[in-house]
Amino acid sequence: MTTLAGRRIVLGVTGGIAAYKAVEVCRRLVDAGAHVTPVLTDGALRMVGETTFSALASEPARTRLWDDPETPIPHTRLGQSADLILVCPATARIISDVRTGRSADLLTATILASRAPLMICPAMHTEMWEQASVQENLAVLADRSVVIVPPESGRLAGGDLGHGRLAEPATILAAVEAVLSAGDLQQQTVLVTAGGTREPIDAVRYIGNRSSGRQGHCIASEARNRGASVVLITTRPDTAPAGVRVVAVETAAEMASACAAEAPAADVIVMAAAVADFRPEQRVDGKLKKGDGPPPVQLVATEDILASLGAAKRPDQVVIGFAAETNDLLANAKSKLAAKNLDAIVANDVSKPQVGFEHATNEVVILLADGSHVDVALTEKREVARRVLDAAVSLLSERR
Ligand code: CTP
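Residues numbered from 1 in each chain as written. Predicted model: local features only at pLDDT ≥ 70, side-chain atom pairs only at ≥ 80, totals over all residues. Heavy atoms only, no water.

Participant: Requested: an account of the pattern of salt bridges, with residues and values cited.
Facilitator: Scanning the entire structure with this criterion turns up 28 salt bridges. One salt bridge in this structure joins arginine 386 and glutamate 177, with 3.7 Å as the shortest N-O distance. Residue arginine 386 is found in helix α14 (residues 381-399), and its partner glutamate 177 is found in helix α9 (residues 169-180); the two are separated by 209 residues along the sequence. In terms of burial, arginine 386 and glutamate 177 fall into one category: buried. The salt bridge partner of aspartate 316 is arginine 314, with a shortest N-O separation of 2.9 Å. (Salt bridge = Lys/Arg side-chain N within 4 Å of Asp/Glu carboxyl O. Helix = DSSP H or I, 4+ residues; strand = E, 2+ residues; numbered from the N terminus. Buried < 20%, exposed > 50% of the residue type's maximum accessible area, 1.4 Å probe, protein only.)

Participant: Help me get a handle on the site of the ligand, residues and values and all.
Facilitator: The environment of the ligand is formed by 16 residues, the closest being Ala273, Leu306, Phe322, Lys336 and Lys340. Interatomic distance of 2.8 Å between a backbone N/O atom of methionine 271 and an oxygen atom of the ligand. At a separation of 2.9 Å, an oxygen atom of the ligand approaches a polar side-chain atom of aspartate 277. Bound to the protein, the ligand loses 77% of the 570 Å² it would expose on its own. Those elements that provide at least two residues to the shell around the ligand are α12 (305-311) and β16 (318-325). If one sorts the elements of the shell around the ligand by residue count, β16 sits on top with four residues. Classifying every residue of the shell around the ligand gives nine nonpolar, two polar and five charged. (Near = heavy atom within 4 Å. Polar contact = N/O pair within 3.5 Å; in protein donor to acceptor, adjacent residues only side chain to side chain. Areas by Shrake-Rupley, 256 points an atom, 1.4 Å probe, with all protein chains shown as cover. Nonpolar A, V, L, I, M, F, W, Y, C, P; charged D, E, K, R; others polar.)

Participant: Account for the domain arrangement of the chain, with residues named and values stated.
Facilitator: When the parts of a complex come together, some accessible area is lost, and that lost area is often used as the size of the interface. Each assigned domain of the chain is listed here: domain 1 (2-180) and domain 2 (189-398). Taking the mean C-alpha position of each, domain 1 and domain 2 sit 37 Å from one another. Contact residues are listed per partner, giving five residues for domain 1 and five residues for domain 2. Interface area, domain 1 with domain 2, both sides summed: about 350 Å², of which 45% is carbon and sulfur. Looking at the side of domain 1 facing domain 2, the largest losses of area belong to Ala174, Glu177 and Ala178, adding up to 81% of the total buried there. Linking domain 1 with domain 2 are one salt bridge, by the criterion used here. Where domain 1 meets domain 2, there are one residue pair in polar contact (both at pLDDT 80 or more). (Domains from an automatic or database assignment. Contact = heavy atoms within 4.5 Å. Buried area = accessible area lost by both parts, 1.4 Å probe.)

Participant: Kindly report on α14, identifying the contributing residues and their values.
Facilitator: The end-to-end C-alpha distance of α14, which contains 19 residues, comes to 27 Å, matching closely the 27 Å that a straight helix rising 1.5 Å per residue would cover. All of the buried residues along α14 are Lys381, Glu383, Val384, Ala385, Arg386, Val388, Leu389, Ala391, Ala392, Val393, Leu395 and Leu396. (Expected span 1.5 Å × (residues − 1).)

Participant: Give a detailed account of the sheet that holds strand β1 (residues 8-13), specifying residues and quantitative values.
Facilitator: Taken together, five strands build an open sheet; the order of strands is β2-β1-β3-β4-β5 and the sheet is parallel. Both edges of this open sheet fall to β2 (35-40) and β5 (147-148), since each of them pairs with a single strand only. Looking at chain direction, strand β3 (residues 84-90) and strand β4 (residues 118-122) are connected through four bridges and run parallel. In the strand pairing of β4, alanine 90 is matched with proline 122. (Pairing = 2+ DSSP bridges.)

Participant: Explain the environment of glutamine 186 residue by residue, including any values.
Facilitator: On the secondary structure map, glutamine 186 appears in the loop between α9 and β8 (189-194). Separated by 38 residues in sequence, glutamine 186 and arginine 224 place their C-alpha atoms 8.9 Å apart. Not counting residues up to four positions away in its chain, the partners in contact with glutamine 186 are Arg226, Gly227 and Ala228.

Participant: An account of a nonpolar patch on the surface is needed here, citing residue identities and associated values.
Facilitator: A cluster of nonpolar side chains, namely Ile17, Tyr20 and Met47, defines an oily patch on the protein surface of about 310 Å² accessible area. As for its placement among the helices and strands, tyrosine 20 is situated in helix α1 (residues 19-31). (Patch = residues over 30% accessible without salt bridge, like charges linked within 9 Å, V, L, I, M, F, W, Y side chains within 5 Å.)

Rendered as structure tokens:
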């Protein structure tokens, strides 16, 4: 069963060129088990055919507020029964109408007649996207908890290049899943670590690694979307998601003391950071001079933070680690799972292309302490984050 199975989604399609991509979004939502009702505006009907949506969706496409053969008030039926209203693509016009509460057609009336979450996927030319009026409307909607799936850069209608292109269908699907799975971490505190630590050699140089922090940040924002109160201990606070409490650290020692301070209050701990195993024994004050020749850098071991957290784990706490391997993935990950007293470990083979450090994608195996495992084929880090948190939720529910 996916998160979307049986969920009722009103798919509002408005009159942008990107309306043709809503056909793909519709198909994917239906494939994932959702019950999709397309609602097309007059503008959308100039771009794409009603029949296409009727053929792919769970029920015929709706286009009019009036003369519905089934009910005199289709907007209230649609609005009240929806689990989510997704507007894809969203033109500047609909964004403005939603902001002002204007009921101009079946889609805007349905949005007003609903308490369901509203998700908007803007798509327009760069000049339109950059207008202060459009940005202000979106900011107001975001303040009202409307979920905005931002557009991307790329080819636009008419051959132009720029920002404003509809987000990819996979991104939109992921956002829909995030909203509809929201809530299973409510009342929970989730502690996430992210990024590579930097161990100073002198005032300007350090020993570091290639971790971007992206996987940990995705876990933090996913956990926030699912209702958790999130503490993110990261070496990359510049790219931390909104809505989480960020503790900025640089070295393994700083991360260790931040973890020690935050862990007792956490229900779930996900250690996604790439922590240095060794640090220079001494940090030289000031900058080493080249003319003095290569410095003798004596390395000493850092604390294994995860092993400490695993050793201090409460019975009701879930502790999940990561294992970055280049060979013997499963065997190495299994021994870390046992040695660090973890509930689960997310193993990735970082020697594979597109996996792990510096990539937007990842391929992992989630090994659980009971011997079971979940394989996650190469996908976006956000999807990996979701699967890791699914594992955390089921481990939590076994505890209680
Ligand atoms: N970890 C940690 N503290 C360290 C080193 C690693 O908390 N000093 C954590 C990482 O955040 C990760 C897990 O331990 O969740 C495994 O890290 P990894 O680098 O894969 O393995 P190591 O334990 O460092 O062992 P090795 O380098 O031998 O593979």
